[in-house]
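Here is how the chains run, residue by residue.
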Amino acid sequence: MARAKKKRSDDGRGGRRGQTAVEAVVEPVDGGLAELIPDRDRARAWTLFIDGAPQSHVDLDDPAFLSFEYQRRLGHVIDLVAPPGRPVQVVHLGGGAFTLARYVAATRPRSTQQIVERDAALVQLVRRELPLDPNARIRVRSLDAREGLAKVADDWADLVIADVFSGARTPAHLTSTEFLTEVRRVVKTGGAYAANLADGPPLTHLRGQIATAAAVFSELALVADPTVLRGKRFGNAVLVGSDHPLPIVELTRRAASDPHPARVEHGKELTDFTGGAVPVLDAAAVASPAPPPSVFR
């Protein structure tokens, strides 16, 4: 176990700007070198990095606060998957610092959640340094995403969220129609699937993922920064799928009102954006593209 220490505050956790700096935690995990860096502006808030790539931001005092753009967009999907405050059942493929599971627990008390995170050492680190609310109904499994998904009962989830990265790339076996068919098995009628995808010009991976989802779900929407959609830079996009009509109007309003506004594509516009891409099968699946070094500078 390796740690890089800075000065600690009196309680050893969080400190606002102007207070004594708290220690960062640097520790090897299965997926690389994990760093928990304290947020200078929010007490008891931390950002998780893996090998220099930002993964999650958590505010232990305010778990409903979502700092990262893509997490805010996934938060909108969580808000709209059921009436406000109603408990839901959620599967999180990829755990990070459990940010979105904490958000669900804070905004929809009594929800039941399963987190599938392959990196057992990361799970231990997060549990120790950023403990979950013991009253939250959150189960964490240290398994590969597809292996963990296979253990979830049919029609169990109101929402399945896929946010899985090995380093900064989504593994190939989580990009195929076979994978999404398994997701569809788990999602209840009227439920939804939401995935955090990352791509850059010429957006080949993103277009292929839309085509793959269209082979499994009848209703789709894509939420992303307009510059990403225009192929001007590398970035994140949130793909949402369901067998029922999606709340496009409200999702569009929320995405547009974010600090970093996003655009929602759906229907014919999304089909046109896909540009004739074909669904991805296991046999031909490849990992998502690596981001350019400038992304994390």
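Just so you know, these numbers come straight off a predicted model, no measurement behind them.

Asker: What am I meant to see in the overall build of the protein chain here?
Answerer: From N to C terminus, the protein chain includes nine helices and 12 strands. Relative to the compact-globule value of 19 Å for 297 residues, the protein chain shows a C-alpha radius of gyration of 19 Å, a close match. Taking the principal axes of the C-alpha coordinates as reference, the protein chain spans close to 55 × 40 × 40 Å. Buried residues in the protein chain amount to 52% of all 297 residues. Here the analysis covers contacts within the protein chain between residues at least 6 apart in sequence; of these, 67% occur between residues at least 24 apart. Per element, the accessible surface of the protein chain, about 13300 Å² overall, is 52% carbon and sulfur.

Asker: Would you take a moment to explain the sheet that holds strand β4 (residues 53-59) for this structure?
Answerer: Strands belonging to one sheet form pairs held by backbone hydrogen bonds; the direction of such a pair is parallel or antiparallel. Here four strands make up an open sheet; going across it, the order is β1-β2-β3-β4 and the pairing antiparallel. The sheet is open, and its two edges are formed by β1 (25-29) and β4, each paired on a single side. Neighbour-to-neighbour, the strand axes of this sheet turn through a mean angle of 20 degrees, independent of strand direction. Direction of pairing for strand β3 (residues 45-50) relative to β4: antiparallel, over a ladder of six bridges. Among the inter-strand pairings, I50 is bridged to a residue of β4, identified as A53. Sheet strands touched by helix α3 (residues 120-129): β1, β2 (32-38) and β3. Its angle to β1, the strand with the most contacts, is close to 155 degrees.

Asker: Got a minute to help me understand the pairing of β2 in this structure?
Answerer: Two faces make up the sheet, and in a regular strand the side chains alternate between them. Summarising the sheet, β1 and β2 pair through five bridges and their orientation is antiparallel. Considered in β2, the bridge of P28 is made with L33. The hairpin turn running from β1 into β2, its antiparallel successor, is two residues long. Note: β2 against β3, five bridges, orientation antiparallel. Bridge assignment links A34 to a residue of β3, and that residue is I50. Count of turn residues in the β2/β3 antiparallel hairpin: six residues, of which R44 carries a positive phi of about 55 degrees.

Asker: Teacher, can you tell me more about the side chain of D79 here?
Answerer: With respect to the helices, strands and loops of the structure, D79 is situated in helix α1 (residues 69-80). For D79, the contacting residues outside a window of four places in its chain are Y103, R108 and R254.

Asker: So what exactly am I meant to see when it comes to the sheet that holds strand β8 (residues 157-162) here?
Answerer: Here we have eight strands laid out as an open sheet, ordered β7-β6-β5-β8-β9-β11-β10-β12, and mixed in their pairing. Whereas interior strands pair on both sides, the edge strands pair on one side only; in this sheet they are β7 (137-141) and β12 (263-266). Between one strand axis and the next, the sheet turns through 15 degrees on average, direction left out of account. Two elements, strand β5 (residues 89-93) and β8, share four bridges in a ladder whose sense is parallel. Bridging across to β8, V90 finds its partner in L159. Packed onto the sheet, helix α2 (residues 99-107) meets β5, β6 (112-116), β7 and β8 and runs at close to 180 degrees relative to β6. Lying on the sheet, helix α9 (residues 267-274) is in contact with β10 (219-224) and β12; it crosses β12 at an angle near 90 degrees.

Basis of the calculations
Residues numbered from 1 in each chain as written. Predicted model: local features only at pLDDT ≥ 70, side-chain atom pairs only at ≥ 80, totals over all residues. Heavy atoms only, no water. Helix = DSSP H or I, 4+ residues; strand = E, 2+ residues; numbered from the N terminus. Rg over C-alpha atoms; globule rule 2.2 N^0.38 Å. Buried < 20%, exposed > 50% of the residue type's maximum accessible area, 1.4 Å probe, protein only. Contact = heavy atoms within 4.5 Å. Areas by Shrake-Rupley, 256 points an atom, 1.4 Å probe, with all protein chains shown as cover. Pairing = 2+ DSSP bridges. Axes fitted to C-alpha atoms, helices over the stretch in contact; angles between N-to-C directions.

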